[in-house]
Amino acid sequence: MRKVEFFKHNIGPEETARVSDALKALVLTTGEVVQEFEERFAAYLGARWAVGVTSCTAALQLALLARGVGPGDEVITTPMSFVATSNAILHAGASPVFVDVEPETGNVSAGLIEQAISPRTKAILPVHLYGQMCDMKRIREIAGRQGLVVIEDAAHALEAWREGVRPGQLSEAACFSFYPTKSITSGEGGAVVTNTTEIAQELRKLRLHGMDLAAADRYSKRYQHWDADCLGWKYNMDNIQAALLVPQLRHVERYWRRREEISRRYETAFSEDPHVDFPKVLPDSKSGRNSFTIWVDRRRRDDILWGTQERGVGVAVNFRPIHLLSYYRRTFDYREGMFPVAEEIGQRTITLPLYPRLTDDEVEYVIGVVKQTVRKASGSRKRRAGPRATSLSRVKR
Ligand SMILES: Cc1ncc(COP(=O)(O)O)c(C=O)c1O
C-alpha cells in the first residue's frame, strides 16, 4: 500500500556536516555554536536577542518567570493549543485561565480576553495557531491598558506576520519550538526571542541553574569561579542542537514557500467540497503554515481519521482542547460546554501532511484519499445519522 508520512524532516548533508564539526570540538554543551545560532535566529526575526533552550515548553516557562509571573498569578490563554502551552504556565507556578477562540482561525478571541481579566491576571499568552497570528495589536492594547505582560507561543509562527507585525514585536517575548514537525528542527529544542536586554539576561541565567557563567566561559580560558543568585532550571540548548539548526535557518523561506504552495493546493481542492472546511488565513497576514488542518462533520471525524490512515495517509489531531484532557478536567473541574468553539474545532479537526519534501504526486494522493474517505463516511452516516453537523461559522460564541 502507498504510504504518505505525516511528517518528514529536512535534515540533510549540510546539517550532518555541521553536527560532525560540532562533535569534533571541545565544547559540546552551550558554547560558540549556540551563540551563532542565537545571533542568526534573532536577525531572521528582526529581534535584538534570542536565547536557545531545550524546548518551547521550557521557553514559555522561563519567559513567564523572567517577567515575574509565578504562584498566585493568572495567565489568560487558549484551550485550542498543544498541552505544552498551559503546562508551561503551571510549571511557572501560575494558573491558566482559558478563553474561547475565533471560529474562523481557532485563535484566542481578543474580545473575550478582556472579560477574563481579574485582579490576579498577570499575563496574556496568545498562541498563533497553525501559523496564523493572533490579533497582536489588540492584545498589546489590552495588555498596555491593564498593565499585563504578553508572552507569545509562536511555535507555529516562525515565518508569520500580521498587519506588518512579527512574533516578538508587540510582546515581552516570543517562544519557538524546534520539535521535528516545526519549520526547523533540532530533534528537541526551543528559543525565546525578546527585544529587552534584561529579559535576555534573566533567561540566560534561568536556563542554567541561575549560574552567571556557562561551561564554555568557565573552562575555555582559565577556570573562573561562578555564582548562582537564583534557582534556575537545566534548559540550556547545546552546540549539537545549534549545529543542526544553523544550516536550516538559511532555508526557512524556501521551506515556507513549498508549504504555502501545498496549503494553497489543499485549499483549492477542499473549497469545492461541501463536506470539508478549513481555518482561514486572514487578509494582510502571512501564515507560518506550520500545519494544514481540515474541519469535517464531528460525527464523522474519527471514521475519516481511521479511513485515511487505512489508505496510507498519516494524519493527526491538532488539537483536542486542553481543558477536556483528563488532568485538566480533574484538577480544575473543567467540563464540556465551557469553550464551545474550541470544543467544536477539537471534534472536527484533522491535520494533513504538510512539509517541503511532500511531492506534488503525494499531495494529490492525500487530496484524493481525503475526499473519497469523507464521501464514504458522509454517505454511510447520512443513512444512519441524518444531516451534517453545524458548521463552525454558525456556532454561537
Ligand atoms: C502550539 C505549541 N506550543 C508549544 C509546543 C511545545 O513545543 P516543544 O515540544 O518544543 O516543547 C508545541 C509543540 O508541538 C506547540 O504545537
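The coordinates are above.
Residues numbered from 1 in each chain as written. Predicted model: local features only at pLDDT ≥ 70, side-chain atom pairs only at ≥ 80, totals over all residues. Heavy atoms only, no water.

Chemist: What exactly am I supposed to notice about helix α7 (residues 197-206) here?
Modeler: Since one α-helical turn is 3.6 residues long, residues separated by three or four positions face the same way. Within α7, the full set of buried residues consists of Thr197, Ile199, Ala200, Leu203 and Leu206. Lining the buried residues of α7 we find β1 (49-53), α3 (56-66) and β8 (190-194). (Buried < 20%, exposed > 50% of the residue type's maximum accessible area, 1.4 Å probe, protein only. Helix = DSSP H or I, 4+ residues; strand = E, 2+ residues; numbered from the N terminus. Contact = heavy atoms within 4.5 Å.)

Chemist: Help me understand the packing of helix α1 (residues 13-24) against helix α9 (residues 239-249), please; the structure alone is not making it clear to me.
Modeler: Between two packed helices, the angle of one axis relative to the other and the distance separating the axes together describe the packing. Close contact between α1 and α9 brings their axes to 8 Å; oriented N to C, the two are set at 150°. In terms of axis orientation, α1 runs roughly antiparallel to α9. Relative to α9, the crossing made by α1 is right-handed. Contacts from Glu14, Glu15, Arg18, Val19, Ala22 and Leu23 in α1 reach Asn239, Ile240, Ala243, Leu244, Val246, Pro247 and Gln248 in α9. Residue classes in the contact of α1 with α9 are distributed as eight nonpolar, two polar and three charged. (Axes fitted to C-alpha atoms, helices over the stretch in contact; angles between N-to-C directions. Parallel < 35°, antiparallel > 145°, perpendicular 65-115°, else oblique. Left-handed = near helix turned anticlockwise from the far one by under 90°. Nonpolar A, V, L, I, M, F, W, Y, C, P; charged D, E, K, R; others polar.)

Chemist: Just to check I follow, could you spell out the site of the ligand for this structure?
Modeler: With respect to spatial proximity, 16 residues lie near the ligand, and among them Thr57, Asp153, His156, Ser177 and Lys182 are the closest. Between His156 and the ligand, the recorded distance is 2.8 Å, taken from a side-chain N or O atom to an oxygen atom. Residue Lys182 places a side-chain N or O atom 2.6 Å away from an oxygen atom belonging to the ligand. With the chains in place, 93% of the 390 Å² that the ligand exposes on its own is no longer accessible. Of all elements in the fold, only α3 and α4 (84-91) reach the threshold of two or more residues within the shell around the ligand. (Near = heavy atom within 4 Å. Polar contact = N/O pair within 3.5 Å; in protein donor to acceptor, adjacent residues only side chain to side chain. Areas by Shrake-Rupley, 256 points an atom, 1.4 Å probe, with all protein chains shown as cover.)

Chemist: Even after reading the chapter, I still don't get the pairing of strand β2 (residues 74-77), so can you show me in this structure?
Modeler: Two faces make up the sheet, and in a regular strand the side chains alternate between them. With burial as the criterion, each face of β2 is covered, one bearing Glu74 and Ile76 and the other bearing Val75 and Thr77. With α4 bridging β2 and the parallel strand β3 (residues 95-98), this β-α-β connection has right-handed handedness. Both β2 and strand β4 (residues 121-125) contribute to a ladder of four bridges, which runs parallel. Among the inter-strand pairings, Ile76 is bridged to a residue of β4, identified as Ile124. (Right-handed = clockwise from strand over helix to strand, strands pointing away. Pairing = 2+ DSSP bridges.)

Chemist: What exactly am I supposed to notice about the pairing of strand β11 (residues 349-352) here?
Modeler: Residues Thr349 and Thr351 of β11 are buried on one face, and the alternating residues Ile350 and Leu352, pointing to the opposite face, are buried as well. Here four bridges tie strand β10 (residues 292-295) to β11, and the two strands are oriented antiparallel to one another. Considered in β11, the bridge of Thr293 is made with Thr351.

Chemist: Please clarify how the packing of aromatic side chains should be interpreted in this entry.
Modeler: Working definition: an aromatic ring pair is given by the centre-to-centre distance plus the angle between the planes. This model, assessed by the stated rule, comprises 18 aromatic pairs. Seen from their ring centres, Phe37 and Phe178 are 5.5 Å apart, and the 90° between their planes marks the pair as edge-to-face. With Phe37 in helix α2 (residues 32-45) and Phe178 in the loop between β7 (173-177) and β8, the pair connects residues that are 141 residues apart, well separated along the chain. Assessed through its relative accessible area of 1%, Phe178 is described here as buried. With centroids separated by 5.3 Å and ring planes inclined at 85°, the aromatic side chains of Phe41 and Phe176 adopt a geometry described as edge-to-face. With a gap of 135 residues between them, Phe41 in helix α2 and Phe176 in strand β7 connect regions that are remote in the sequence. Exposure class is identical for Phe41 and Phe176. Each is buried. One aromatic cluster is present, formed by Phe98, Tyr327, Tyr328, Phe332, Tyr334 and Phe339 through successive ring pairs. The aromatic ring of Phe278 is capped on one face by Lys280, whose charged end is 5.3 Å from the ring centroid. Over the face of the ring belonging to Trp256 we find Lys286, whose NZ or CZ atom lies 4.3 Å from the ring centre. (Phe/Tyr/Trp six-rings, centres within 6.5 Å; stacked < 30°, edge-to-face > 60°. Lys NZ or Arg CZ within 6 Å of the ring centre and 35° of its normal.)

Chemist: What's the story with the packing of α2 against α9 in this structure? I'm lost.
Modeler: Remark: α2 packs on α9, axes separated minimally by 8 Å, with the N-to-C direction vectors making an angle of 35°. As for the relative orientation of α2 and α9, their crossing is left-handed in sense. Between α2 and α9, the residues in contact are Glu32, Val33, Val34, Glu36, Phe37, Arg40, Phe41 and Tyr44 and Asn239, Ala242, Ala243, Leu245, Val246 and Leu249, respectively. Its residues assigned to classes, the contact of α2 with α9 shows 10 nonpolar, one polar and three charged.

Chemist: What should I look at first to understand the sheet that holds β2 in this one?
Modeler: Each strand in a sheet pairs with its neighbour through backbone hydrogen bonds, running either in the same direction (parallel) or in the opposite one (antiparallel). Within the open sheet, the seven strands sit side by side as β1-β8-β7-β5-β4-β2-β3. Their pairing is mixed. Bordering the open sheet on either side are β1 and β3, each of which pairs with just one other strand. Each strand of the sheet is rotated relative to its neighbour by a mean of 25°, with strand direction disregarded. This element, α4, spans β2, β3, β4 and β5 (149-153) of the sheet and lies at about 140° to β3.

Chemist: How do you make sense of the nonpolar core when you look at a structure like this?
Modeler: Here is a general trend for soluble globular proteins: nonpolar side chains tend to be buried in one another's company. Formed by 45 residues in total, the largest nonpolar core has its most connected members in Phe37, Phe41, Ile139, Phe176, Phe178 and Ile184. By residue number, the principal contributor to this core is α2, which donates seven residues. In this structure, Leu62, Ala92, Leu125 and Val149 belong to the second largest nonpolar core, which totals 29 residues. (Core = buried A, V, L, I, M, F, W, Y, C linked by side-chain atoms within 4.5 Å.)

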